[in-house]
Amino acid sequence: MSKGPTKKRCVMVMYDTLCRHFMPSYGNEWVKAPNFQRLAQRTVQFDNFYVGSMPCMPARREMHTGRYNFLHRSWGPLEPFDDSMPELLDQHGVHAHKVTDHHHYWEDGGATYHQRYTTFDLVRGQEGDKWVGDVEKLRDPSFGADRWPEIQRFAMLKQDMINREHMTRSELQPQHITFDLGLEFLARNKDADRWFLQIETFDPHEPFFSQAEFQRLYPHEYDGPPFDWPPYRELREDQQTVEHIRYLYASLVSFCDQQLGRVLDVFDEHDLWQDTLLLVNTDHGFLMGEHDWWAKVVTPFFQEVAHIPFWIHDPRAPECANSKSQALAQTIDLAPTILDYFDIATPQDMQGQRLLDALRGDNDNDNDDGKAMRKASLYGVMGGQVNVTDGRYVYMRGSATDDNGPLFEYTLMPTHMRSRFAPAELRDWQRSDGFAFTKDCKVMRIPTRTPKALISADTPMGRGRRSTLLFDVQADPGQLEPIMSTEIEARMIRLMLLEMARNECPSEQYERLGLPEPKRIAAGHDDAAIVMPSDAAIAAACVSATPEGSAAAANGGEGQPKMPFPAWAQGSAFPDNLRLLPEYQGPPKKA
């Protein structure tokens, strides 16, 4: 066994929307990404790594705090009571530096994250970032009229097109500049000790924009209008359009691969493998036509979204290179892993665990010998299905109430992604005594309402989110055949309840989901601190044998029924070469 590194440094390379099923080392046979394959040969690749809180900023809050947040809060900033991994590093003498083009950090719902680092660089221009000011084009109703109809009317799309005019080659794109700055930090500090570098790019998040040099890697037929930004809804486009989007995404992955190779080159040149922890991760995946859906969040959390890639090299375990771990791990494990590497104690409110033992195979996902890293992983989005997996089965629990309530946000920072909470949202807030993790702070308890489209049984989003589904993802990795087993469902409910209770889940969430509530009898995350409901109560919560369960299984969470284009899209131009399913030929009918 290695004696361990004499210096301690850490590099995290973080992507947004890096899909596991597009990675060669995870079995993809057509995406050109040799540096991701090269990465797998120098690291431990995790085969059972899952999301936790979704999407972008909730995942990053987990990365800082080491605990789930989606049961208490939607998209929002770090709270005053939150532990922050990079801030803890800084407080213990580890220089934490971040370079990122992830524009959500300088919006209302993300503005407290980057200040937790010792130093940081911010790179402008991704996904409609309010960057280049071009007054005439932003006001021009015809600018962007050749694009996909539903996104012509959004100012963010026009801003993105304006930004792209200043990115005429890959070296001018935000991702390339982000890696330039990250490599500058490495060159400047390659001999220094005790630092953490986070190189974080928004790519390959939509829009799937890359230069021709990468698109030429994937020649294909497509004769529709410009389309690289899938809408968040059920699939209405034809198969040629679906394949076009997948090839554009692959082109962007190949750009990501090129930039990753630059980091690996520096590791090789300066032999950083000897003393530098390397983590390569993402926040979530994306649906590109699978299950008749585009995107994420408005959809059920199928494996394409929830089951994500992850690689790690730990200098304390060099013998583990070029291997795979079956341990059930999540984003909440990143903060404890990095803190542990720098010999910093994990705060008591963090639920995640260090990954070193999993690298060495000490706690692979064998739940029968009591040595598993965890029995189950919980994941979801505020107000959506709550999901749990044990590595074999995935259980998605949908809402049991017609209005998806009761549902409350717990916060001291009432902001959404790109706005403050409106006065109407705040009129009925009440003071809550908070939770153990709020560190004796009283917090705002703000009632929230779910949009009708997300709860109606007449929409694909509503049907999907309200469905309770059970899958055996080992036998059915594509999640095409929901299984109906009250016995397995009861076991998965028990795992779900235990993880929810461990996270101090608010009582109303159990009511919303139609689940019995466990009781806490002590502080901490141990099983002994929680009294579980009776077997009879858990059995009564099972829906597999009910008509509702049968209807959900028949639909399978697929993007059905197909909805007409919304009324607000009727003012958009519908290009003649729009490629849609047969039932959508031509523009929507005007009322």
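Coordinates for the structure precede this section.
Overview of the structure. (Residues numbered from 1 in each chain as written. Predicted model: local features only at pLDDT ≥ 70, side-chain atom pairs only at ≥ 80, totals over all residues. Heavy atoms only, no water.)

1. Observations concerning the overall build of the protein chain
Consideration 1: A tally of helices and strands in the protein chain yields 17 helices and 19 strands.
Consideration 2: Taken over C-alpha atoms, the radius of gyration comes to 23 Å for the protein chain, in line with the 25 Å a tight globule of 591 residues would show.
Consideration 3: Taken along its principal axes, the extent of the C-alpha atoms in the protein chain is 70 × 60 × 50 Å.
Consideration 4: For the protein chain, buried positions account for 62% of its 591 residues.
Consideration 5: Pairs at least 24 residues apart make up 74% of the contacts formed inside the protein chain by residues separated by at least 6 positions.
Consideration 6: Taking the average location of the 63 positive side-chain charges in the protein chain and that of its 86 negative ones, the two points are 3 Å from each other. (Helix = DSSP H or I, 4+ residues; strand = E, 2+ residues; numbered from the N terminus. Rg over C-alpha atoms; globule rule 2.2 N^0.38 Å. Buried < 20%, exposed > 50% of the residue type's maximum accessible area, 1.4 Å probe, protein only. Contact = heavy atoms within 4.5 Å. Lys, Arg positive; Asp, Glu negative; His and termini not counted. Charge placed at Lys NZ, Arg CZ, Asp CG, Glu CD.)

2. Examining the packing of helix H1 (residues 34-42) against helix H8 (residues 239-269)
Consideration 1: Interhelical geometry of H1 versus H8 gives an angle of 40 degrees and a closest axis separation of 7 Å. Classified by the angle their axes make, H1 and H8 are oblique. Regarding H1 and H8, the two cross each other, and that crossing is left-handed. Residue-level contacts link Pro-34, Asn-35, Phe-36, Arg-38, Leu-39 and Arg-42 of H1 to Val-253, Cys-256, Asp-257, Gln-258, Leu-260, Gly-261, Leu-264, Asp-265 and Asp-268 of H8. (Axes fitted to C-alpha atoms, helices over the stretch in contact; angles between N-to-C directions. Parallel < 35°, antiparallel > 145°, perpendicular 65-115°, else oblique. Left-handed = near helix turned anticlockwise from the far one by under 90°.)

3. A look at the sheet that holds strand S12 (residues 386-389)
Consideration 1: What the four strands build is an open sheet, ordered S11-S12-S13-S17; its pairing is antiparallel. For this open sheet the edge positions go to strand S11 (377-380) and strand S17 (469-472), each flanked by a neighbour on one side alone. Looking at each pair of strands side by side, their axes are set apart by 15 degrees on average, direction ignored.
Consideration 2: Helix-sheet contacts for helix H14 (residues 486-502) involve S11, S12, strand S13 (393-397) and S17, and the interaxial angle to S13 is about 70 degrees. (Pairing = 2+ DSSP bridges.)

4. Brief notes about the environment of Ala-358
Consideration 1: In this fold, Ala-358 is placed in helix H11 (residues 356-359).
Consideration 2: Assessed through its relative accessible area of 1%, Ala-358 is described here as buried.

5. A short note on the nonpolar core
Consideration 1: Tyr-15, Phe-36, Leu-278, Val-280, Met-288 and Trp-311 are the most contacted members of the largest nonpolar core, which has 65 residues in total.
Consideration 2: The set of elements that each furnish at least two residues to this core consists of strand S1 (9-15), H1, helix H5 (155-164), helix H6 (174-189), strand S5 (195-200), H8, strand S6 (276-282) and strand S8 (294-295).
Consideration 3: Of all the elements, H8 adds the most residues to this core, at 14 residues.
Consideration 4: Apart from the residues lying within four places of it in its own chain, the contact partners of Met-288 are Cys-19, Phe-22, Phe-208, Val-242, Ile-245, Arg-246, Tyr-249, Trp-293 and Trp-294.
Consideration 5: Judged by nonpolar contacts, the second largest core, of 58 residues, contains Val-51, Leu-89, Ala-317 and Ala-552. (Core = buried A, V, L, I, M, F, W, Y, C linked by side-chain atoms within 4.5 Å.)

6. Remarks on the sheet that holds strand S16 (residues 443-447)
Consideration 1: A sheet is described by the order of its strands in space; here three strands give the open sequence S14-S16-S15, paired in antiparallel fashion. Either end of the sheet is taken by a strand with one partner, and the two such strands are strand S14 (408-411) and strand S15 (430-432). On average, each strand axis in the sheet is tilted by 35 degrees relative to the strand beside it, whichever way the strands run.

7. Looking at the packing of H6 against H8
Consideration 1: Two elements in contact, H6 and H8, have axes whose closest approach is 10 Å; the angle formed by their N-to-C orientations is 5 degrees. Judged on the interaxial angle alone, H8 and H6 are roughly parallel. In this structure, H6 uses Gln-175, His-176, Phe-179, Asp-180, Leu-183 and Leu-186 to contact H8, whose residues at the interface are Phe-255, Cys-256, Gln-258, Gln-259, Leu-260, Arg-262, Val-263 and Val-266.
Consideration 2: Residue classes in the contact of H6 with H8 are distributed as eight nonpolar, four polar and two charged. (Nonpolar A, V, L, I, M, F, W, Y, C, P; charged D, E, K, R; others polar.)

8. A look at H5
Consideration 1: Here H5 lies mainly inside the structure; eight of its ten residues are buried.
Consideration 2: Of the residues making up H5, those classed as buried are Leu-157, Lys-158, Gln-159, Asp-160, Met-161, Ile-162, Asn-163 and Arg-164.
Consideration 3: The inward-facing, buried residues of H5 contact helix H4 (135-139).

9. As for the packing of aromatic side chains
Consideration 1: Inspection of every chain in the model, using the stated rule, returns 27 aromatic pairs.
Consideration 2: Centre to centre, the rings of Trp-30 and Tyr-218 are 5.9 Å apart; their planes meet at 85 degrees, and the pair counts as edge-to-face. In this pair, Trp-30 is assigned in the loop between S1 and H1 and Tyr-218 in the loop between helix H7 (212-215) and H8, connecting sequence segments 188 residues apart.
Consideration 3: Given the relative accessible area of 3%, Tyr-218 is considered buried.
Consideration 4: Of the aromatic side chains, those joined through ring pairs into one cluster are Phe-22, Trp-30, Phe-208, Tyr-218, Tyr-232, Tyr-247, Tyr-249 and Phe-286.
Consideration 5: When the ring centre of Tyr-341 is taken as origin, the NZ or CZ atom of Lys-8, which lies over that ring, is 5.3 Å away.
Consideration 6: Against the face of Phe-408 rests Arg-445, its NZ or CZ located 3.6 Å from the ring centre. (Phe/Tyr/Trp six-rings, centres within 6.5 Å; stacked < 30°, edge-to-face > 60°. Lys NZ or Arg CZ within 6 Å of the ring centre and 35° of its normal.)

10. Some details on the pattern of salt bridges
Consideration 1: If you walk through the whole model with that rule in mind, you get 44 salt bridges.
Consideration 2: Note that Glu-107 is salt-bridged to Arg-418, the shortest N-O span being 2.9 Å. Taken together, the residues Glu-107 in the loop between strand S3 (95-100) and strand S4 (119-122) and Arg-418 in the loop between S14 and helix H12 (423-426) connect sequence positions 311 residues apart.
Consideration 3: Using a relative accessible area of 14% as the deciding quantity, one classes Glu-107 as buried.
Consideration 4: Relative accessible area serves as the criterion here: at 39%, Arg-418 is assigned to the partly exposed category.
Consideration 5: Where Arg-316 meets Asp-314, a salt bridge forms, and the shortest distance between an N and an O atom there is 2.7 Å. Here Arg-316 and Asp-314 have matching classes, each one buried.
Consideration 6: Connected through salt bridges with shared partners, the residues Asp-314, Arg-316, Asp-340, Arg-354 and Asp-357 form a single ionic network. (Salt bridge = Lys/Arg side-chain N within 4 Å of Asp/Glu carboxyl O.)

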